[in-house]
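Analysis of the macromolecular model
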Amino acid sequence: MGRADFTYDFPHDRLITVDDLNPLDIQILFDRAEHWLAINQSADKKHDALKGLTQINLFFEPSTRTLGSFELAGKRLGADVVNFSAANSSTKKGETLADTARTLAAMHPDLIVVRHNASGAADFIHRETGIATINAGDGMHSHPTQGLLDIFALSQRIGDIGGKRVLIVGDILHSRVARSDVGMLNLLGAEIRLCAPPTLLPTDVDRWGAEIFHDLDDALDGCDAVITLRLQKERMSGALIPSSREYFHFWGVTGRRLEFANPDCVVMHPGPMNRNVEIESTLADDTDRSLILDQVEAGVAIRMAVLEQLGQRARKNARPGQ
């Protein structure tokens, strides 16, 4: 695999969660992302894979990197891209999500990218419209393209993920990224560790297929990669953590702490990050250890791969004359 001309009948008309995918789907998406990664590093970044198709980005939550990444991905593939934000949405005037979905469907877009603060919103829009839908984050539920790009960026640095020891540390309770990363890592056979204060762990975490830690130094032992998570204070009610200073002392990832991990251990963060709270600032900027900018670059390539596969399927399934 990995050839630019490789064809594959992608069996899905949506991407709501990484559970929608199987290992072959992931391999195909990674191969296509590797192709687009190389194209994006060239002088001529434009392609016509989605020429004639319309992509709507429907974002009900504030976003810079995810919205920009999807917009850039669609435009580089030749799609007509339209952005709708919650600030300008009719939902502010009382329109229901169902009415919004039906209104957009009446415009006959080919792809809808949805970000919403309610879990299940992307699935709801897909069921209401039947249009190829990509979940760009729904509440605390799922963020599948972030999971894909995280593990793609990691595999580009350390190779095969199977058997690697990967630690996720931070606000796991509120993190859709953690759920998507864990789903990806389980599919690919990684050894998963989770570390957080007890107040930031979900009640069902014992069913996630991961080893649970509260002490970061113990959790780092022998790790090949560490994914740090943002403290989502906007979703917290009550005092779930000590002060930011105390949190950094106990659970902040630093260069000194990485001495407990494998010598080549890398660090990641889905962003936006709080420097010297979740991760030491100098470590975040250390390109020998940090994959944070690699994740941003991988994000465009992965989203191009996903849009390409869903868009080609939508084109094939379109009614004659549509």
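Summarised in this report is the structure supplied together with it. Small disclaimer: the values here were computed from a predicted structure and weren't measured.

1. Observations regarding the environment of T54
Take T54: it is sitting in strand 2 (residues 54-59). Assessed through its relative accessible area of 24%, T54 is described here as partly exposed. Along the backbone, T54 and G74 are 20 residues apart, and their C-alpha atoms lie at a distance of 8.9 Å. Other than its neighbours up to four places away in sequence, T54 contacts D80, P109, D110 and L111.

2. Some words on the side chain of T133
Among the structural elements, T133 can be located in strand 5 (residues 132-138). Here the side chain of T133 touches I131 through a polar contact of 2.7 Å, landing on its backbone oxygen. If we ignore the near neighbours within four places in the chain, the residues touching T133 are D13, R14, L15, I16, I112, V114, A122, H126 and L310.

3. Some remarks on the pattern of salt bridges
The final tally for this structure, using the stated rule, is 15 salt bridges. The residue D20 makes a salt bridge to R14 at a minimum N-O spacing of 3.9 Å. Relative accessible area serves as the criterion here: at 23%, R14 is assigned to the partly exposed category. Here R165 and E191 are joined by a salt bridge, their closest N and O atoms 2.8 Å apart. One end of the pair, R165, is in strand 6 (residues 165-169); the other, E191, is in strand 7 (residues 191-195), and 26 residues separate them in sequence. Judged by relative accessible area, E191 falls into the partly exposed class, the value being 30%. Because the salt bridges share partners, they merge into one network encompassing R14, D20, D123 and R127.

4. A look at the sheet that holds strand 9 (residues 225-228)
Taking strand neighbours across the sheet as the criterion, the five strands line up as 8-7-6-9-10 in an open arrangement whose pairing is parallel. Two strands in the sheet have a free side with no partner beyond their single neighbour: strand 8 (211-213) and strand 10 (266-268). Averaged over all adjacent pairs, the angle separating strand axes in this sheet is 20 degrees, with direction ignored. The pairing of strand 6 with strand 9 spans four bridges and is parallel. Within strand 9, the position partnered with I168 by the bridge is I227.

5. Details of the nonpolar core
Counting 86 residues, the largest nonpolar core has L148, I168, I172, L194, V226 and L307 as the members making the most contacts within it. Sorting elements by how many residues they give to this core places helix 10 (residues 292-317) first, with 10 residues. Excluding residues that lie within four positions of it along the chain, I168 makes contacts with A178, D181, V182, L185, R193, L194, C195, I227 and L229. If you look at the next biggest cluster of nonpolar residues, it comprises 13 residues, including A101, L104, V114 and I125.

6. A short note on the sheet that holds strand 2
Taken in spatial order, the five strands line up as 1-5-4-2-3 in an open sheet, and their pairing is parallel. Looking at which strands have only one partner, the edges of the open sheet turn out to be strand 1 (14-15) and strand 3 (80-85). Here helix 2 (residues 65-76) sits on the sheet in contact with strand 2, strand 3, strand 4 (111-116) and strand 5, set at roughly 175 degrees to strand 2.

7. Notes on the packing of helix 1 (residues 23-40) against helix 10
Across the interface, helix 1 lies against helix 10 with an axial gap of 8 Å and an inter-helix angle of 120 degrees. As far as their axial angle goes, helix 10 and helix 1 are oblique. Here helix 1 and helix 10 pass one another in a crossing that is right-handed. Across from I28, L29, F30, R32, A33, W36, L37 and N40 in helix 1, the residues of helix 10 making contact are E297, V300, A301, I302, M304, A305, V306, E308 and Q309. The residue inventory of the contact of helix 1 with helix 10, partitioned by class, reads 12 nonpolar, two polar and three charged.

8. Things to note about the packing of aromatic side chains
For the structure on display, the rule yields three aromatic pairs. Between Y247 and W251 the ring centres are 5.6 Å apart and the planes differ by 35 degrees, which places this aromatic pair in the tilted class. Placement of the pair is Y247 and W251 together in helix 8 (residues 244-251), with a separation of four residues, close to one helical turn. Across the pair, W251 and Y247 agree in class, each one buried. Three or more aromatic residues joined by ring pairs form one cluster here, namely Y247, F250 and W251.

9. A closer look at the packing of helix 1 against helix 5 (residues 144-158)
Put simply, helix 1 and helix 5 touch, their axes get as near as 11 Å, and they point 70 degrees apart. Here helix 5 runs roughly perpendicular to helix 1, going by the angle between their axes. Remark: the crossing between helix 1 and helix 5 carries right-handed chirality. Contacts between helix 1 and helix 5 pair I26, L29, F30, A33, E34 and L37 from the former with L148, I151, F152, S155 and Q156 from the latter. Here the residues of the contact of helix 1 with helix 5 are counted per class, giving eight nonpolar, two polar and one charged.

Quick notes on the rules
- Residues numbered from 1 in each chain as written.
- Predicted model: local features only at pLDDT ≥ 70, side-chain atom pairs only at ≥ 80, totals over all residues.
- Heavy atoms only, no water.
- Helix = DSSP H or I, 4+ residues; strand = E, 2+ residues; numbered from the N terminus.
- Buried < 20%, exposed > 50% of the residue type's maximum accessible area, 1.4 Å probe, protein only.
- Contact = heavy atoms within 4.5 Å.
- Polar contact = N/O pair within 3.5 Å; in protein donor to acceptor, adjacent residues only side chain to side chain.
- Salt bridge = Lys/Arg side-chain N within 4 Å of Asp/Glu carboxyl O.
- Pairing = 2+ DSSP bridges.
- Axes fitted to C-alpha atoms, helices over the stretch in contact; angles between N-to-C directions.
- Core = buried A, V, L, I, M, F, W, Y, C linked by side-chain atoms within 4.5 Å.
- Parallel < 35°, antiparallel > 145°, perpendicular 65-115°, else oblique.
- Left-handed = near helix turned anticlockwise from the far one by under 90°.
- Nonpolar A, V, L, I, M, F, W, Y, C, P; charged D, E, K, R; others polar.
- Phe/Tyr/Trp six-rings, centres within 6.5 Å; stacked < 30°, edge-to-face > 60°.

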